[in-house]
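Understanding the architecture of this molecule
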Amino acid sequence: MQEQTSILNYIPVDELTGSIAVPIYQTSTFVQDAPGVHKGFDYARSNNPTRKVLEDLIAKLENGTNGYAFASGLAAIDAVVKLLKAGDEIVAVDDIYGGAFRLFTHIYEKFGITVKYTDSTDAQNVADAISDKTALIWIESPTNPTLKISDIRAIAKTAKQHGILLCVDNTFASPVSQKPIDFGADIVVHSATKYISGHSDLIAGLVVTATQELGDKIKFIQNASGAILGPFDSWLAIRGIETLSLRIRQHAENAQKIAEYLVEEKLVKSVYYPGLKTHKNHEIAKSQQKYFGGVVTFDLVVDDKDLAIKIVTATKLFKLAESLGGVKSLLCLPCEMTHKSIPAEKRYQSGVTDSLIRLSVGLEDADDLIADLKQAFESATATATEFVPAWKTNVEVTSEVI
Ligand SMILES: *Cc1c(COP(=O)(O)O)cnc(C)c1O
């Protein structure tokens, strides 16, 4: 069945009333017929009918057995790390989401869980990093903000050989585009704040497991730690998912056009987008993603933060804000916003320069978005006369695409 049909077909009609929209069960507890005799729900931290629709839905979309909804993407990540014990080690992608880095380093290291970071775009690096303490491999593909791609099949094979769990943060791809469990991952997490919800109107996280046994463990952690998603936010996430496949397709179509325009733009040195044939792991991306996503990142021909600031404040359709995955286009300057807490040297190692700009391409008309970027480049250069000699006259720019 086509993805959009499946998604809509997976959302149940309310049995009690026939309501086509999933009801919001705004309740803390459920009346019991006799002690322990109830309709499957006793207390809303443990289980809530609205949340359960979302949890079953994401499990189906990711081809997993069980799904769980959390108060944020980080709460979902936190629940997965709680599967580990003191002395265990995580091997993680070096380009990891900053919040996951902060959680691993500043919360879990003090409980005796260590983390080794490696460039997982080469699967061999992951195999080489594994020790007898490794209990979990953690990757994101594509990564933020430089859209690095890791070979999920190859890394899953390594994980299986060593009897180690593989968790994939699938936030950037979404289940419409990529289903890591099909490639051998054990666990998938999402910041549902992004594409899953899709409208920049809530914070939420999801975990999906490949087996019932792992699902039972996550369920225990969810109930024991308590960072559940509330019924109204669960409902918003469900409503977002109803249009997920349409949105992902359009985000990707717009992003591809914008990436191709940026390659030709004189002020742009590098364009990071897995849909470009020149992307380092384009072939791997093609083999595991149906669409290449809605995030496009680019670097300027001069590493000049002031110029980058002029550009990001000159756009009109692209709004300057952190986050991504919503219907409205956003852009950000990672060095001053999402990646500000990372020391400059480490930031530069992963390609996040002072002039790197990240676009979250929304669902406006692609030509309007390109026109918006063009006018921003023009207005930034018009007011930045001091830079003119450096990059307008003497440089013959060949857009290098990574
Ligand atoms: C935003 C994000 C998170 C964190 O999610 P929150 O919902 O903000 O807690 C985790 N991973 C990735 C890849 C993200 O982009």
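Rules of the game
Residues numbered from 1 in each chain as written. Predicted model: local features only at pLDDT ≥ 70, side-chain atom pairs only at ≥ 80, totals over all residues. Heavy atoms only, no water. Helix = DSSP H or I, 4+ residues; strand = E, 2+ residues; numbered from the N terminus. Contact = heavy atoms within 4.5 Å. Core = buried A, V, L, I, M, F, W, Y, C linked by side-chain atoms within 4.5 Å. Buried < 20%, exposed > 50% of the residue type's maximum accessible area, 1.4 Å probe, protein only. Domains from an automatic or database assignment. pLDDT = per-residue confidence, 0-100. Salt bridge = Lys/Arg side-chain N within 4 Å of Asp/Glu carboxyl O. Expected span 1.5 Å × (residues − 1). Polar contact = N/O pair within 3.5 Å; in protein donor to acceptor, adjacent residues only side chain to side chain.

**Comments concerning the side chain of T158**
Tracing the backbone shows T158 in helix 6 (residues 152-162). T158 has contacts with A127 and I130, leaving out every residue within four places of it along the chain.

**Side note on the nonpolar core**
Of all hydrophobic cores here, the largest spans 72 residues; its most connected members are I258, L262, V296, I311, I357, L359 and F377. Of the residues that make up this core, three or more belong to each of domain 1 (7-241) and domain 2 (245-392).

**Here we look at the confidence of the model for the protein**
Atom-level detail of predicted coordinates should not be read off regions where pLDDT is low. Summarising the model, the protein shows a mean pLDDT of 94, and 95% of its residues fall at 70 or more. When the criterion is pLDDT under 50, residues 388-399 qualifies, and its contacts beyond four places in sequence or with other chains add up to 20 contacts.

**Considering the pattern of salt bridges**
If you walk through the whole model with that rule in mind, you get twelve salt bridges. A salt bridge links E89 to K116; the nearest nitrogen and oxygen atoms lie 3.8 Å apart. Residue E89 is found in strand 2 (residues 89-93), and its partner K116 is found in strand 3 (residues 114-118); the two are separated by 27 residues along the sequence. Exposure remark for K116: the relative accessible area of 32% places this residue in the partly exposed category. Among the salt bridges present, the one from E283 reaches K286, with a minimum N-O distance of 4.0 Å. Residue E283 and its partner K286 are located together in helix 10 (residues 282-288), separated by three residues, close to a single helical turn. What you see here is one network of salt bridges that share partners, running through K305, E336 and K340.

**Topic: helix 2 (residues 49-61)**
With 13 residues, helix 2 should reach 18 Å at 1.5 Å per residue; the first-to-last C-alpha distance of 19 Å fits that figure. Extensive coverage of helix 2 is indicated by the burial of ten of its 13 residues. Of all the positions in helix 2, only P49, T50, R51, V53, L54, E55, L57, I58, A59 and L61 are classed as buried. For helix 2, the elements touching its buried residues are helix 1 (3-10), strand 1 (66-70), strand 6 (187-191), strand 7 (205-209), helix 7 (212-225) and helix 8 (231-242). By the N-cap criterion, in which a side-chain oxygen at the helix start approaches the backbone nitrogen of a residue two or three places on, helix 2 is capped by N48, the distance to T50 being 2.8 Å.

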